Amino acid sequence: MFDYLIVGAGFAGSVLAERLASQLNKKVLIIDKRNHIAGNAYDHYNEDGILVHRYGPHIFHTNSRDVFDYLSQFTAWRPYEHRVLASVDGQEVPMPINLDTINKLYGLALTSFQVDDFFKSVAEEVSPISTSEDVVVSKVGRELYEKFFRNYTRKQWGMDPSELDKSVTSRVPVRTNRDDRYFTDTYQAMPLHGYTAMFERMLAHPNIKIMLNTDYHEILDIIPFKEIIYSGPVDEYFDFRYGKLPYRSLEFKHETLDKPLHLPSAVVNYPNEHAYTRVTEFKYLTGQVHPKTSLVYEYPQAEGDPYYPVPRPENAEVYTKYKKLADETPGVHFVGRLATYKYYNMDQVVAQALTLFKKLENKGKPEKVLGK
Ligand code: FAD
Ligand code: UDP
């Protein structure tokens, strides 16, 4: 008899498996329908021996010391600050938009103060700011919105930024200085030997059994367990009772070139050209030295594996109904990007999983200990 059946071996499922096994001595079965652990963060050496991320570029960044310390038990790190260029008007310019972006794009030599004035002069007054269009036009005006955000977003999400919640484009800041890092978090690093190696160490506990190539439906009636931790899509768990929650998908096209380096930076975004949104060159991320180089192109799709919850009010409404159902389902705990329908980064999923662990841990404690 297992104490927990954990569905999904991504960050959400693996963090819980590790905590429950190592801290509470629980017997855990973690399963995944894919043929590997690590969920969407899975990386592997391709046939040319280059470390690549099968499901698109994963860059670790967090402001949470707790999350960073927790993961540091399972991996050493390679310091890495991510930089992205956007191909706009025939030039490759820094993204997020910063002082250099504006100067290069328009052939100017503005200072930080002047670019701040420039943004103010082109910004549109929008109130309230509720959509992904509002966020951008209220900061940098319509022209820059159209050059950098409108078409990228339409391609990525299959809908106009005006139809998406403000949280989507709010992920990308606008700067008046020359900082060209994609993230400004306190901790920015890549697992030194890759994500999969980190997951292998997390799951290497005698109380944890791993079963791959297995959908949980296949084993529900065969393997005895007490409780479920579920990190798959929440609507699927409830047989789409309130309809399908939309998840945006991607097709990843991997390519290896017979030269050591190809792109001018780790990622180049293509808001206005091509069917793909961005190209990533893995060696920038991993620091690997190799005579060849591997890239991935991301082609957004409506159908396929669910990768992105789609943040917009009508979807939030449907999710609220599923959330109520989830809360009322005893013995099943929903966690992760798909099961809680949240556009979460890896660190946010780790934090969410650690919070659920605390709840499970406290459930077993007498109340007076809880009150301490
Ligand atoms: P997942 O990793 O999706 O794991 C869920 C697992 O459940 C999957 O392996 C799935 O196969 C399994 N599963 C589902 N249904 C079943 C079933 N019925 N039976 C058995 N198994 C099932 N985050 C960052 O912090 N930085 C980044 O740079 C970054 N880049 C990203 C790029 C892309 C293209 C994508 C799609 C995401 C990116 N993310 C990034 C987000 C990151 O991938 C997620 O936050 C994280 O992987 C979510 O972990 P999870 O465990 O919730 O879900
Ligand atoms: N975005 C954009 N142009 C860009 C980069 C991002 O319009 O050059 C928008 C787009 O809607 C995207 C969102 O900002 O989905 C968030 O970007 P991020 O790079 O965080 O996306 P992710 O890495 O999660 O795919």
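Report on the accompanying structure. Quantities reported herein were computed from a predicted structural model and do not represent experimental measurements.

## Notes on the overall build of the protein
The number of helices and strands found in the protein is 12 helices and 17 strands. Taken over the C-alpha trace, the protein has a radius of gyration of 22 Å; the compact-globule value for 372 residues is 21 Å, and the two agree within 12%. Principal-axis analysis of the C-alpha atoms gives the protein an extent of 70 × 50 × 45 Å. Residue burial in the protein is summarised as follows: out of 372 residues, 54% are buried. Sequence separation of at least 24 residues holds for 71% of the intrachain contacts in the protein that already meet a minimum separation of 6. Carbon and sulfur atoms make up 50% of the accessible area of the protein, which totals about 17500 Å². Charge centroids of the protein, computed over 45 positive and 49 negative side chains, lie 5 Å from each other.

## Observations regarding the nonpolar core
Grouped together as the largest cluster of nonpolar side chains are 106 residues, with contacts concentrated most on Phe-11, Leu-16 and Phe-148. Two domains each put at least three residues into this core: domain 1 (2-76 + 190-244 + 309-363) and domain 2 (98-171). Each residue touching Phe-148, except ones within four places of it in the same chain, is listed here: Ala-86, Val-88, Val-93, Met-95, Ile-97, Thr-101, Leu-105 and Pro-271. Counting residues in hydrophobic clusters, the runner-up holds nine residues, among them Leu-257, Val-268, Tyr-276 and Val-279.

## Concerning the environment of Met-95
Tracing the sequence through the fold places Met-95 in strand S8 (residues 91-95). In the structure, Met-95 is positioned 172 residues away from Val-267 in sequence and 9.9 Å away in space, judged by C-alpha atoms. Once you skip the residues sitting within four places of it in the chain, Met-95 turns out to touch Val-84, Leu-85, Ala-86, Phe-148, Phe-149, Val-172, Tyr-182 and Asn-269.

## A look at the site of ligand 2
As a matter of local geometry, ligand 2 sits amid 16 residues, with Thr-153, Arg-171, Tyr-182, Tyr-308 and Tyr-343 nearest to it. Contacts to ligand 2 include Trp-157, whose side-chain N or O atom sits 2.9 Å from an oxygen atom. Residue Arg-278 places a side-chain N or O atom 2.9 Å away from an oxygen atom belonging to ligand 2. The fraction of the free accessible surface of ligand 2 (520 Å²) that becomes covered by protein chains is 94%. The greatest single-element share of the shell around ligand 2, amounting to six residues, is contributed by helix H5 (residues 132-157).

## With respect to the site of ligand 1
As a matter of local geometry, ligand 1 sits amid 33 residues, with Asp-32, His-58, Ile-59, Tyr-344 and Met-346 nearest to it. Tyr-216 has a polar backbone atom sitting 3.2 Å from a nitrogen atom of ligand 1. Against a free-state accessible area of 1000 Å², the protein chains account for coverage of 96% of ligand 1. Among the secondary structure elements, those contributing two or more residues to the shell around ligand 1 are helix H1 (11-24), strand S12 (247-257) and helix H11 (346-363). For the shell around ligand 1, the per-class residue count stands at 16 nonpolar, 10 polar and seven charged.

## Quick notes on the sheet that holds strand S1 (residues 2-7)
Taken together, the five strands give an open sheet; going across it, the order is S10-S2-S1-S11-S17, and neighbouring strands pair in parallel fashion. Every other strand in the sheet has two partners, leaving strand S10 (208-211) and strand S17 (332-334) as the edge strands with one partner each. Neighbour to neighbour, the strand axes of the sheet diverge by 20° on average, direction disregarded. Relative to S17, strand S11 (residues 225-230) runs parallel, the two being bridged by three bridges. Residue Ile-229 lies in a different strand from S17, and its bridge partner there is His-333.

## Structural notes on the packing of helix H2 (residues 65-72) against H11
Contact pair H2 / H11: the axes reach a minimum separation of 10 Å and the direction vectors enclose 85°. Here H2 lies roughly perpendicular to H11, going by the angle between them. Residues Val-67, Tyr-70 and Leu-71 of H2 form the contact with H11, whose own contacting residues are Asp-347, Val-350, Ala-351 and Leu-354. Partitioning the contact of H2 with H11 into residue classes produces six nonpolar, no polar and one charged.

## Quick word on the pattern of salt bridges
On inspection of all chains with the given rule, the structure shows 22 salt bridges. Glu-18 is the salt-bridge partner of Arg-19, the closest N and O atoms lying 2.7 Å from each other. In this structure Arg-19 comes out as buried when scored by relative accessible area, which is 13%. For Glu-18, a relative accessible area of 5% translates into the label buried. Ionic pairing is found between Lys-147 and Asp-89, a salt bridge with its closest N-O pair at 2.7 Å. You can see Lys-147 sitting in helix H5 and its partner Asp-89 sitting in the loop between strand S7 (84-88) and S8, a full 58 residues away along the chain. Residues joined in a network through salt bridges with shared partners are Glu-81, Arg-83, Asp-179, Asp-180 and Arg-181.

What counts, and where the lines are drawn
- Residues numbered from 1 in each chain as written.
- Chains lettered and ligands numbered in written order.
- Predicted model: local features only at pLDDT ≥ 70, side-chain atom pairs only at ≥ 80, totals over all residues.
- Heavy atoms only, no water.
- Helix = DSSP H or I, 4+ residues; strand = E, 2+ residues; numbered from the N terminus.
- Rg over C-alpha atoms; globule rule 2.2 N^0.38 Å.
- Buried < 20%, exposed > 50% of the residue type's maximum accessible area, 1.4 Å probe, protein only.
- Contact = heavy atoms within 4.5 Å.
- Areas by Shrake-Rupley, 256 points an atom, 1.4 Å probe, with all protein chains shown as cover.
- Lys, Arg positive; Asp, Glu negative; His and termini not counted.
- Charge placed at Lys NZ, Arg CZ, Asp CG, Glu CD.
- Core = buried A, V, L, I, M, F, W, Y, C linked by side-chain atoms within 4.5 Å.
- Domains from an automatic or database assignment.
- Near = heavy atom within 4 Å.
- Polar contact = N/O pair within 3.5 Å; in protein donor to acceptor, adjacent residues only side chain to side chain.
- Nonpolar A, V, L, I, M, F, W, Y, C, P; charged D, E, K, R; others polar.
- Pairing = 2+ DSSP bridges.
- Axes fitted to C-alpha atoms, helices over the stretch in contact; angles between N-to-C directions.
- Parallel < 35°, antiparallel > 145°, perpendicular 65-115°, else oblique.
- Salt bridge = Lys/Arg side-chain N within 4 Å of Asp/Glu carboxyl O.

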